[in-house]
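If you want the building blocks of each chain, they are given just below.
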Amino acid sequence: RPLHPTMAMNVVSQLAAGLQAVHERGILHLGVCHAAVGVTEDGIPRLGGFGSARPVGGPFDDLADEGDPDRPNRSGPEVLARRWEKVGPAADVYG
């Protein structure tokens, strides 16, 4: 069901703080999208879907097939272009 705009902004703010905490621990999610987000009945957002998560700096060799060119909004341009040396926290907030 749609969230009230105020609650939606609160959810986004909490998810951003959570993602920042993940980045501060040296981890990239590399799969942030609507399907990776859940909200508890109490309105607490949860970020899941860490299957593609990698340490900042890689290795990324096993991600050769990640990033769907038909859905560029789900992957940062550096991921889609396989420019692994450029992949960092910005790839998680793209789109």
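None of these values were measured; they are calculated from a predicted model. (Residues numbered from 1 in each chain as written. Predicted model: local features only at pLDDT ≥ 70, side-chain atom pairs only at ≥ 80, totals over all residues. Heavy atoms only, no water.)

**Brief notes about the overall build of the protein chain**
Then, number 1: When helices and strands are tallied, the protein chain shows 3 helices and 4 strands.
Then, number 2: Buried positions account for 27% of the 95 residues belonging to the protein chain.
Then, number 3: About 6300 Å² of surface is accessible on the protein chain, with carbon and sulfur atoms providing 54% of the total. (Helix = DSSP H or I, 4+ residues; strand = E, 2+ residues; numbered from the N terminus. Buried < 20%, exposed > 50% of the residue type's maximum accessible area, 1.4 Å probe, protein only. Areas by Shrake-Rupley, 256 points an atom, 1.4 Å probe, with all protein chains shown as cover.)

**Let's talk about the confidence of the model for the protein chain**
Then, number 1: Per-residue pLDDT for the protein chain has a mean of 84; in total, 87% of the residues score no lower than 70.
Then, number 2: Mean pLDDT values over the elements of the protein chain span from 85, in helix α2 (residues 77-80), up to 94, in strand β1 (residues 27-28). (pLDDT = per-residue confidence, 0-100.)

**Some points on the pattern of salt bridges**
Then, number 1: On inspection of all chains with the given rule, the structure shows 1 salt bridge.
Then, number 2: As a salt-bridge pair, Glu-85 and Arg-83 come within 3.6 Å of each other at their nearest N and O atoms.
Then, number 3: By relative accessible area, which is 61% here, Glu-85 ends up exposed.
Then, number 4: Overall, Arg-83 belongs to the partly exposed group, its relative accessible area being 41%. (Salt bridge = Lys/Arg side-chain N within 4 Å of Asp/Glu carboxyl O.)

**Re the nonpolar core**
Then, number 1: One finds Leu-28, Leu-30, Phe-60, Leu-63, Val-79, Trp-84, Val-87 and Ala-91 forming the largest nonpolar core, which totals 8 residues.
Then, number 2: Residue contacts for Leu-63: discarding those within four places in its chain leaves Leu-30, Ser-52, Arg-54 and Trp-84. (Core = buried A, V, L, I, M, F, W, Y, C linked by side-chain atoms within 4.5 Å. Contact = heavy atoms within 4.5 Å.)

**Topic: unusual backbone geometry**
Then, number 1: Gly-58 connects to Pro-59 through a cis peptide bond whose omega is 10°.
Then, number 2: Along the chain, Pro-59 turns up in the loop between β4 (54-55) and α2.
Then, number 3: Phi is positive for Leu-30, close to 60°, though the residue is something other than glycine.
Then, number 4: You can see Leu-30 is positioned in the loop between β1 and β2 (37-39).
Then, number 5: In this structure Leu-30 comes out as buried when scored by relative accessible area, which is 16%.

**A look at the side chain of His-23**
Then, number 1: Structurally, His-23 can be placed in helix α1 (residues 5-24).
Then, number 2: By relative accessible area, His-23 is classed as buried at 16%.
Then, number 3: Not counting residues within four places of it along the chain, the set of residues in contact with His-23 comprises Leu-28, Pro-89 and Asp-92.

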